[in-house]
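Residue-level structural notes
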Amino acid sequence: MPIKVLVVDDSAVVRQVIQEVLSVESDIQVMGAAPDPIFAMERMKKEWPDVIILDIEMPRMDGITFLKQIMAQRPTPVIICSSLAEAGAKVSIEALAAGALSIITKPSIGLRGFLQDASLDLVQSVRTAAKARVSRPTAATGVMAERSVTPKLTADVMLEAPSAGRSALVHATERVIAMGVSTGGTQALEVILPNLPLNVPGMVIVQHMPEKFTAAFAARLNGLSTIEVKEAQNGDRVMAGRALIAPGGKHMMLKRNANNYYVEVADGPLVSRHRPSVDVLFRSAAKFAGANAVGIIMTGMGDDGAKGLKEMHDCGAKTYAQDEDSSVVFGMPKEAIKLGGVDHIVPLHRIPDIITKA
């Protein structure tokens, strides 16, 4: 059966172009388009969509309010497509917290051309959303959509691969936790980080998000958690009771000075079609922490982090993958398991305890 999509946007141009883009796909059916949530509600009384593409700023009812009503009534995959997300991160984090699965930021001008150029991203987002497990949110659930038409480069463009086993012999005094996550990751991190005590090892985290959003997301997590959570800056020390989240649009690498760990935040090309890339972070953890590291790969589409986790495993690190039942999208963990780099497959609720005991 085709994926039934409902488009809710007050712009006639947006409704028209999205319908044109999606209608050429044999596995996607645009079941309707509504200029605001009130019209959408009437349409949904007759037939419920599999995926909703939703604007934020609309007459009669805003998209965030509508999103909350959908999630309370019948949790459904929702893709936010809004120019407001470009203006600032606050509304985007609010949308994710309300249950949105992903966010596509559209420009205020050149809208038709942008949507046509981004058609591959939009189609991929719809297909991924249709497969996602969506539940009533207790926290944010999504990730911002990434462009997926760029060449797929490896972590070689950022740093050399470690020699298997050699990094495991490096002596250091502290453990470090390296985590990688994508679609569904904001929900997963809000389950994990607020449940950690102050004495947990230092953490370095890649959550796929574009620039301007990670600072607000880190601030939100910091307010919910006992540990310190912050958007990483170049040279930040990795220490117990602190979680550093890679800034959107930058790669983050773990480095070591004597017995202390710190992060290097750097520009660079997309790796595994992402920036920040989990593969880059995991390779750096393999190279500079070895057996002193713990690698955790969680919910997300694609395969970013799978090769890096295998490198961590080969350098002596303990490695974990989130299980399929608790993942919103079982892509990244599945690929890591296929490569043989995972020691243990665990449900989301067990990860805080694993980190605490590391």
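Residue positions are counted from 1 within each chain, in the order its sequence is given. It should be noted that, the model being predicted, local features are given only for residues of pLDDT at least 70 and side-chain atom pairs only at 80 or more, the latter also being counted only at that level, while totals for whole chains, interfaces and linings use all residues. Side-chain figures throughout are based on the complete set of non-hydrogen atoms in the structure, without hydrogens or water.

A few words on the overall build of the chain. Secondary structure elements follow DSSP: runs of H or I of four or more residues count as helices, runs of E of two or more count as strands, with numbering from the N terminus. Helix and strand content of the chain: 13 helices and 16 strands. Whether a residue is buried, partly exposed or exposed follows from its accessible area with a 1.4 Å probe, protein chains only, as a fraction of its type maximum: under 20%, in between, or over 50%, in that order. Within the chain, the fraction of its 358 residues that count as buried is 55%. Note on contacts: a residue pair is in contact if any heavy atoms of the two residues lie within 4.5 Å. Excluding contacts between residues fewer than 6 apart, the proportion of contacts in the chain whose partners are at least 24 apart in sequence is 76%. Split by element, the accessible area of the chain, about 14,300 Å² in all, is 50% carbon and sulfur. To be clear on the numbers: accessible area is Shrake-Rupley with a 1.4 Å probe, and residue cover counts the displayed protein chains and nothing else.

A few words on the pairing of strand E3 (residues 51-54). Side-chain alternation along E3 places Val 51 and Ile 53 on one buried face and Ile 52 and Leu 54 on a second face that is also buried. Only when DSSP finds a minimum of two bridges between them are two strands counted as paired. Sheet analysis places E3 next to strand E4 (residues 78-82), joined by three bridges and oriented parallel. In the strand pairing of E4, Ile 53 is matched with Ile 79. With strands facing away from the observer, any crossover in which the path from the first strand over the helix to the second runs clockwise is taken as right-handed. This β-α-β element, E3 to helix H3 (residues 63-73) to E4, shows right-handed connectivity.

Turning our eyes to something else, we now look at helix H1 (residues 12-23). Expected helix span is taken as 1.5 Å per residue step, with the number of steps being one fewer than the number of residues. With twelve residues, H1 should cover 16 Å at 1.5 Å per step; its first-to-last C-alpha distance of 16 Å lies within 8% of that length. Among all positions of H1, only Val 14, Arg 15, Val 17, Ile 18, Val 21 and Leu 22 are buried.

Axis definition: a line fitted to C-alpha atoms, over the contacting stretch in the case of helices. Angles run 0 to 180 degrees between N-to-C directions. Direction vectors running N to C along helix H10 (residues 278-288) and helix H11 (residues 306-314) enclose 10 degrees, while the axes themselves pass 7 Å from each other. When the interaxial angle is binned, H10 and H11 end up roughly parallel. Where H10 abuts H11, its residues Asp 279, Phe 282, Arg 283, Ala 285 and Ala 286 lie against Ala 306, Lys 307, Gly 308, Leu 309, Glu 311 and Met 312. When residue character is reported, Ala, Val, Leu, Ile, Met, Phe, Trp, Tyr, Cys and Pro are called nonpolar, Asp, Glu, Lys and Arg charged, and the others, Gly included, polar. Residue classes in the contact of H10 with H11 are distributed as six nonpolar, one polar and four charged. Angles below 35 degrees are treated as roughly parallel, those above 145 as roughly antiparallel, those between 65 and 115 as roughly perpendicular, and all remaining angles as oblique.

Let us look at the side chain of Ser 272. Relative to the helices and strands, Ser 272 is located in the loop between strand E13 (260-266) and H10. Judged by relative accessible area, which is 9%, Ser 272 ranks as buried. Counting of polar contacts relies on pairs of N or O atoms within 3.5 Å, with two restrictions inside protein: one atom must be capable of donating a hydrogen and the other of accepting it, and residues adjacent in sequence are counted only when both atoms are side-chain atoms. One polar contact links Ser 272 to Asp 279, side chain to side chain, over a distance of 2.7 Å. Excluding anything up to four places from it in sequence, Ser 272 contacts Lys 152, Leu 153, Asp 279 and Asp 304.

It is worth spelling out the sheet that holds strand E12 (residues 251-257) at this point. Here we have three strands laid out as an open sheet, ordered E10-E13-E12, and antiparallel in their pairing. Unpaired on one side and paired on the other, strand E10 (237-238) and E12 mark the two borders of the sheet. One ladder, built from seven bridges, connects E12 with E13; its direction is antiparallel. The partner of Leu 254 across the bridge, within E13, is Val 263. Here H10 sits on the sheet and contacts E12 and E13; the angle it forms with E12, its principal contact strand, is near 10 degrees.

Moving on to the packing of aromatic side chains. Each aromatic ring pair is described using two quantities: the centre-to-centre distance and the angle formed by the ring planes. When two rings of Phe, Tyr or Trp (its six-membered ring) have centres within 6.5 Å they constitute a pair, described as stacked for plane angles under 30 degrees, edge-to-face for angles over 60, and tilted for the intermediate range. For the structure shown, the criterion picks out zero aromatic pairs. Charge over a ring is defined by NZ of Lys or CZ of Arg lying within 6 Å of the ring centre and within 35 degrees of the ring normal. Above the plane of the ring of Phe 39 lies Arg 60, whose end atom (NZ or CZ) is 4.8 Å from the centre.

In this section: the sheet that holds strand E8 (residues 202-207). In space, the seven strands of this open sheet follow the order E9-E11-E8-E7-E14-E15-E16, with parallel pairing throughout. In this open sheet, the two strands that pair with only one neighbour each are strand E9 (228-231) and strand E16 (344-346). Pairs of neighbouring strands in the sheet enclose a mean axial angle of 20 degrees, with direction left out of account. Across five bridges, the pairing between strand E7 (residues 176-181) and strand E14 (residues 293-297) is parallel.

Definition used for salt bridges: Asp or Glu carboxyl oxygen within 4 Å of a side-chain nitrogen of Lys or Arg. The full count for this structure, using the stated rule, is 17 salt bridges. A salt bridge links Glu 264 to Lys 255, with the nearest nitrogen and oxygen atoms 2.6 Å apart. Classification of Lys 255 as buried rests on a relative accessible area of 16%. With its nearest N and O atoms 3.6 Å apart, the salt bridge here joins Glu 335 to Lys 338. Taken together, the positions of Glu 335 and Lys 338, both in helix H12 (residues 332-338) and three residues apart, correspond to about one turn of that helix.

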